[in-house]
Amino acid sequence: DDEAFDMWCLGKTGGGMVDAGMRQLWCEGWMPRHIRLLCAACLVEGLGVSWTRGRDWFAHTLIDHDPVINTMMWQNAGLCGVDPFYRALKWEEVPCTVADEKYVAEWADRELAWPPHLQRLAAVSRPEWQHVRTVAQERRRDLRPVFAAASRVCQAGLRVEWGRRDDDPGPVV
């Protein structure tokens, strides 16, 4: 859904930590690792948007972008990677520590200059938190079978090793 993706890019999801992180990403080209994980969970699990769109947005905006790490992280967020350990993160929850509250206060409502294709939605209000939480809980319930499959893969100890052999430079499982 294009509008859901654009609202995620703008930091207008209604999830305080996600919104703050997405705004920091646009302003500084960076965000903390745990915020990256929450933002990925929000986009893929919460909004139902393809992980490839998140991967591409992070590639466009991150100053510390690494194409391999970025792609692996987004595949995992999309529950199709080799390490779906971070699944069902509660991205919609209110900040629970003083540090999280300060982070949200610093970034969530900061006025930023947006590219032309996002300016129309920049003025739109965030959805109410209770609505966001209800939708997130419903989607998480619907994704339980996927989470269970991802958990089995994770527990099976599947390891991918990137070997360098002359005849086959690809992954070894």
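Scoring rules and cut-offs
Per chain, residue numbering runs from 1 following the sequence as it is written. Local features are withheld for residues below a pLDDT of 70 in this predicted model, meaning they are given only at 70 or higher, and side-chain atom pairs are given and counted only at 80 or more; totals for whole chains, interfaces and linings count all residues. Side-chain descriptors were evaluated using all non-hydrogen atoms of the structure, hydrogens and water having been removed beforehand. Axes here mean lines fitted to C-alpha atoms, for a helix over just the part in contact, with angles spanning 0 to 180 degrees between N-to-C directions. Strands are runs of DSSP state E lasting at least two residues, helices are runs of H or I lasting at least four, and both sets are numbered from the N terminus onward. For classification, angles of less than 35 degrees are called roughly parallel, those exceeding 145 degrees roughly antiparallel, those between 65 and 115 degrees roughly perpendicular, and all remaining angles oblique. A clockwise turn of the near helix away from the far one marks a right-handed crossing, whereas an anticlockwise turn of less than a right angle marks a left-handed crossing. Here, two residues are considered to be in contact whenever any of their heavy atoms come within 4.5 Å of each other. Note on residue classes: Ala, Val, Leu, Ile, Met, Phe, Trp, Tyr, Cys and Pro are nonpolar, Asp, Glu, Lys and Arg are charged, and everything else, Gly too, is polar. Side-chain atoms alone can form a polar contact between residues adjacent in sequence; in general such a contact is a pair of N or O atoms within 3.5 Å, and within protein one must be able to donate a hydrogen while the other accepts it. Accessible area is worked out with a 1.4 Å probe on protein chains only. A residue is then buried under 20% of its type maximum, exposed over 50%, and partly exposed in between.

Student: Tell me about the packing of helix H2 (residues 16-28) against helix H3 (residues 33-46), residues and numbers included.
Tutor: Orientation of H2 relative to H3, taken along the N-to-C sense of each, is 110 degrees, at an axis distance of 9 Å. Judged by the inter-axis angle, H2 sits roughly perpendicular to H3. As H2 runs across H3, the sense of the crossing is left-handed. Judged by residue contacts, Met17, Val18, Gly21 and Met22 of H2 engage His34, Ile35, Leu38, Cys39 and Cys42 from H3. Class assignment of the residues belonging to the contact of H2 with H3 gives a composition of seven nonpolar, two polar and no charged.

Student: Please give an account of the environment of Trp26 that cites residues and values.
Tutor: With respect to the secondary-structure elements, Trp26 resides in helix H2. Taking C-alpha positions, Trp26 is 8.4 Å from Leu62, a pair spaced 36 residues apart along the chain. Beyond its immediate sequence surroundings of up to four residues, Trp26 is in contact with Trp57, His60, Thr61, Leu112, Ala113, Trp114 and Pro115. A polar side-chain atom of Trp26 sits 2.7 Å from the main-chain carbonyl oxygen of Ala113.

Student: Can you break down the environment of Trp129 residue by residue, with the values?
Tutor: Within the secondary structure layout, Trp129 lies in helix H8 (residues 129-142). Once residues within four sequence positions are removed from consideration, Trp129 is found in contact with Gly14, Glu92, Glu93 and Val94.

Student: Go over the side chain of Glu92 with me, naming the residues and quoting the values.
Tutor: Its place among the elements puts Glu92 in the loop between helix H5 (67-77) and helix H6 (98-107). On the basis of relative accessibility, which here comes to 0%, the residue Glu92 falls in the buried class. Residues in contact with Glu92, not counting those within four places in the same chain, are Trp129, Val132, Arg133, Ala136 and Arg140.

Student: Break down the side chain of Thr13 for me, with residues and values.
Tutor: Relative to the helices and strands, Thr13 is located in the loop between helix H1 (2-10) and H2. At 3.1 Å, the side chain of Thr13 forms a polar contact with the backbone nitrogen of Gly15. Aside from chain neighbours lying at most four places away, what touches Thr13 is Met7, Trp8, Val18, Asp19, Cys42, Leu47, Trp91, Pro127 and Val132.

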